[in-house]
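Per-entry structural report
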Amino acid sequence: MATAQAHDDGTAVERRQLLNVAYRLLGSLAEAEDAVQEAYARWYALPPARREEILAPGAWLTTVTGRICLDVLGSARARRERYVGSWLPEPLPDGTEWGRTGGTDPADLMVLDESVTMAFLVVLEAMTPAERVALVLHDVFRYPFAEIAGILGRTPAACKQLAASGRRRLRTGRAPVAAAGQADAVRRVKEAWETRDIAALVDLLDPAAVMTADGGGLAQAVLRPVEGGARIAAYLMALAGAAPGPELLVRSVNGAPGLVARSGGTVLTVASFEVADGRVTRIWVVRNPEKLRSWAA
């Protein structure tokens, strides 16, 4: 009984860790919560005697959560082929900016670091499910390859190779940390948009910049990425011309400076940025309301 009691006492800490693992693996807060709930359901479905035999419930739950996420990732590709427009990871707010502290909402339990930036998560999407699991568990959460092998059903050596392959994809896909000047660049984008200054906006955007939007068929958004700073600026100016315009706020998005568009107290759009040498190189815009539930006041 002592093992089971110790596990119950540490459930809140474990749940936070499992949610952080699952979100990085899946890029979806809703799917991460479902995966963790399923792992706990399997734990409590075990006979009491079997639970008492498990000396490290946290490790058991991590293994089960990892396997569930692996299955979800395997089926996600087919689902995303049917997705309307581009699919982007679900953006995360910083609860403290919205007056939420010590909450139990999944979004408020996320550790906002380099491994949840939109740039990092987007590159993870290009990996195979096995590469993603091996890289995230080992490089982000420092799980040994011997434990990862139990999740992937492969040898530790094979898991090490999968993580190495994932790292190569990261280098090729350019997933940098937030640039030192990102906050300033985002603030200037906001000012240019609000003043309808297209020349200033073009100057802030890299000529080869790319903007990807995710409306999921539930909100208006371009279906394909918009390429080129001038084209992106023209598109943003067209949005700025719509009346009435939304309130634009500089807020943390996945731990990095971003923009949030709000109207009547409802968050309609969350934008993430990649900045290099003072200019915006990538913009990721999430408008799918199903992905913005954690942004409700």
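Residues numbered from 1 in each chain as written. Predicted model: local features only at pLDDT ≥ 70, side-chain atom pairs only at ≥ 80, totals over all residues. Heavy atoms only, no water.

**Section: unusual backbone geometry**
A positive phi angle, close to 60°, is found at R196, a residue other than glycine. Inspection of the secondary structure puts R196 in the loop between α10 (182-194) and α11 (198-204). On the basis of relative accessible area, R196 is assigned to the partly exposed category, the value being 42%. Despite not being glycine, N254 shows a phi value in the positive range, around 55°. Owing to a relative accessible area of 0%, N254 belongs among the buried residues under this scheme. (Helix = DSSP H or I, 4+ residues; strand = E, 2+ residues; numbered from the N terminus. Buried < 20%, exposed > 50% of the residue type's maximum accessible area, 1.4 Å probe, protein only.)

**Overview of the pattern of salt bridges**
Side-chain pairs of opposite charge can arise where the charged atoms are in close proximity. According to the stated counting rule, one finds 16 salt bridges in the structure shown. Note that R132 is salt-bridged to E125, the shortest N-O span being 2.6 Å. The buried category is assigned to R132, whose relative accessible area is 2%. The salt bridge involving E247 is made with R262; its shortest N-O contact spans 3.2 Å. Of this pair, E247 sits in strand β3 (residues 247-253) while R262 is found in strand β4 (residues 256-263), placing the two residues 15 residues apart along the sequence. Given a relative accessible area of 39%, E247 falls into the partly exposed group. The class of R262 is partly exposed, set by a relative accessible area of 22%. (Salt bridge = Lys/Arg side-chain N within 4 Å of Asp/Glu carboxyl O.)

**Comments concerning the environment of T281**
Here T281 is to be found in strand β6 (residues 279-286). Along the primary structure T281 and M211 are separated by 70 residues, whereas in three dimensions their C-alpha atoms are 8.5 Å apart.

**Digging into the sheet that holds strand β2 (residues 226-227)**
What the six strands build is an open sheet, ordered β2-β1-β6-β5-β4-β3; its pairing is mixed. If you trace the sheet from one side to the other, it starts and ends with β2 and β3, each paired once. Looking at chain direction, strand β5 (residues 266-276) and β6 are connected through seven bridges and run antiparallel. Note on β6: the bridge partner recorded for V270 is V286. Against the sheet, α10 makes contact with β3, β4, β5 and β6, and its axis sits at roughly 25° relative to β4, the strand it touches most. Each of β1 (205-214), β2 and β6 touches helix α12 (residues 229-240); the most contacted strand, β1, lies at about 50° to it. (Pairing = 2+ DSSP bridges. Contact = heavy atoms within 4.5 Å. Axes fitted to C-alpha atoms, helices over the stretch in contact; angles between N-to-C directions.)

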